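The lines below spell out each chain.
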Amino acid sequence: MELLKQRIINDSKVLPGNILKVDSFLNHQIDVELLNKIGEEFKKRFEGEKVTKILTVEASGIAIACITAQYFKVPVVFAKKYTSTNLDDDIYCAEVYSFTRNTLYNIRVSKNYINKDDKVLIIDDFLANGMAAEGLINIVRQAGAEAVGIGIVVEKGFQRGRKVVRNTGVRLESLAIIKSMDENEIVFEER
Ligand code: 5GP
């Protein structure tokens, strides 16, 4: 997606530890017009797939998932990283290792919101080592539902996420795939 790649080149920053900071348009301040185009592109990429629900993980996936859901006309469910009084014990839970924070955490989804008849499209902002994606697929499968695909805004192609997702057998669509990056240059894979 050219518009997205241009935006990454113009407005992102490469931080130590292979972190791409996209706070000015995706992770803190949000460019809604760009998100609209992202949602439209996901709809195009997954055209023909039956989708009944979009699943993401809080916090940064929520905005992307919601705009994308407007194109699919389905509800969004977001996995919670923290326990809360809103969430009872009847949950699906998966353990995820956080790339950005270097810690293990649990993601949780109430059993009320995914069931065995659902065809779930998973959406997230980044694919790094694939741990969040794997955790979300795990939750879909615990529910007996089908993961019809994973839509990622930015894939860091030099990390192992694609391989992890391939091993699950779930179709992956990434809108921008970074081949390499450092403070001076970001190079995309052409696909
Ligand atoms: P993974 O689970 O694939 O290792 O990492 C994906 C998750 O970590 C995403 O949900 C995203 O929030 C976060 N993440 C991974 N790499 C980056 C990055 O380079 N920049 C930002 N902003 N978030 C990242």
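As a starting point, this report considers the structure included with it. (Residues numbered from 1 in each chain as written. Predicted model: local features only at pLDDT ≥ 70, side-chain atom pairs only at ≥ 80, totals over all residues. Heavy atoms only, no water.)

### Quick notes on the site of the ligand
No. 1: In the neighbourhood of the ligand, 17 residues make up the surrounding shell, with Leu20, Asp124, Gly130, Ala132 and Lys156 lying closest.
No. 2: Within the side chain of Asp124, one N or O atom sits 2.8 Å away from an oxygen atom of the ligand.
No. 3: Within the backbone of Asn129, a nitrogen or oxygen atom sits 2.8 Å from an oxygen atom of the ligand.
No. 4: About the coverage of the ligand: the protein hides 89% of its 510 Å² of free accessible area.
No. 5: Sorting the residues of the shell around the ligand by element identifies strand S2 (19-21), strand S7 (119-127) and helix H5 (131-142) as the ones contributing at least two each.
No. 6: Per-element tally for the shell around the ligand: the top contributor is S7, with four residues. (Near = heavy atom within 4 Å. Polar contact = N/O pair within 3.5 Å; in protein donor to acceptor, adjacent residues only side chain to side chain. Areas by Shrake-Rupley, 256 points an atom, 1.4 Å probe, with all protein chains shown as cover. Helix = DSSP H or I, 4+ residues; strand = E, 2+ residues; numbered from the N terminus.)

### Regarding the nonpolar core
No. 1: Counting residues in hydrophobic clusters, the biggest one holds 33 residues, and the most contacted among them are Leu4, Ile8, Leu20, Ile38 and Ile54.
No. 2: Elements that contribute at least two residues to this core include exactly helix H1 (2-11), helix H2 (23-27), helix H3 (32-45), helix H4 (60-72), S7, strand S8 (146-156), strand S9 (172-181) and strand S10 (186-188).
No. 3: Take this core: its biggest share by element is five residues, from H4.
No. 4: Filtering out sequence-adjacent residues up to four positions away, Leu20 remains in contact with Ile8, Ser12, Lys13, Val14, Phe126, Val154, Ile178, Met181 and Ile186.
No. 5: Among the nonpolar cores identified, the runner-up in size contains 27 residues, and Ile107, Val109, Ile114 and Ile150 belong to it. (Core = buried A, V, L, I, M, F, W, Y, C linked by side-chain atoms within 4.5 Å. Buried < 20%, exposed > 50% of the residue type's maximum accessible area, 1.4 Å probe, protein only. Contact = heavy atoms within 4.5 Å.)

### Quick notes on unusual backbone geometry
No. 1: With omega at 0°, the peptide bond leading from Glu58 into Ala59 counts as cis.
No. 2: Considering the arrangement of structural elements, one finds Ala59 in the loop between strand S3 (53-57) and H4.
No. 3: The phi dihedral of Asn18 falls on the positive side, at around 60°, and the residue is not glycine.
No. 4: Tracing the chain through its elements places Asn18 in the loop between strand S1 (13-15) and S2.

### Side note on the sheet that holds S9
No. 1: Reading across the sheet, the six strands line up as S4-S3-S7-S8-S9-S10 and stay open at both edges, with mixed pairing between neighbours. A single partner strand is all that each edge strand has here, and the edge strands are strand S4 (76-79) and S10. In this sheet, neighbouring strand axes are inclined to one another by 30° on average, regardless of whether the strands run parallel or antiparallel.
No. 2: Of the strand pairs in this sheet, S3 and S4 are connected by four bridges, and their pairing is parallel. By the bridge assignment for S4, Val57 is matched with Ala79.
No. 3: Where H4 meets the sheet, it contacts S3, S4, S7 and S8, and its direction lies at approximately 170° from that of S3. (Pairing = 2+ DSSP bridges. Axes fitted to C-alpha atoms, helices over the stretch in contact; angles between N-to-C directions.)

### Comments concerning the packing of H5 against helix H6 (residues 161-168)
No. 1: Where H5 contacts H6, the two axes come as close as 9 Å, and the packing angle between them is 20°. Our classification of the angle between H5 and H6 gives roughly parallel. Between H5 and H6 the crossing geometry is right-handed. Contacts from Met131, Ala133, Glu134, Ile137 and Arg141 in H5 reach Val164, Val165 and Thr168 in H6. (Parallel < 35°, antiparallel > 145°, perpendicular 65-115°, else oblique. Left-handed = near helix turned anticlockwise from the far one by under 90°.)

### A look at H4
No. 1: Every buried residue of H4 is listed here: Gly61, Ile64, Ala65, Ile67, Thr68, Ala69 and Phe72.
No. 2: On its buried side, H4 packs onto H2, H3, S3, S4, S7 and S8.
No. 3: At the C-terminal side of H4, Lys73 shows a positive phi close to 55°.

By themselves, these figures tell us nothing about what the structure is for.
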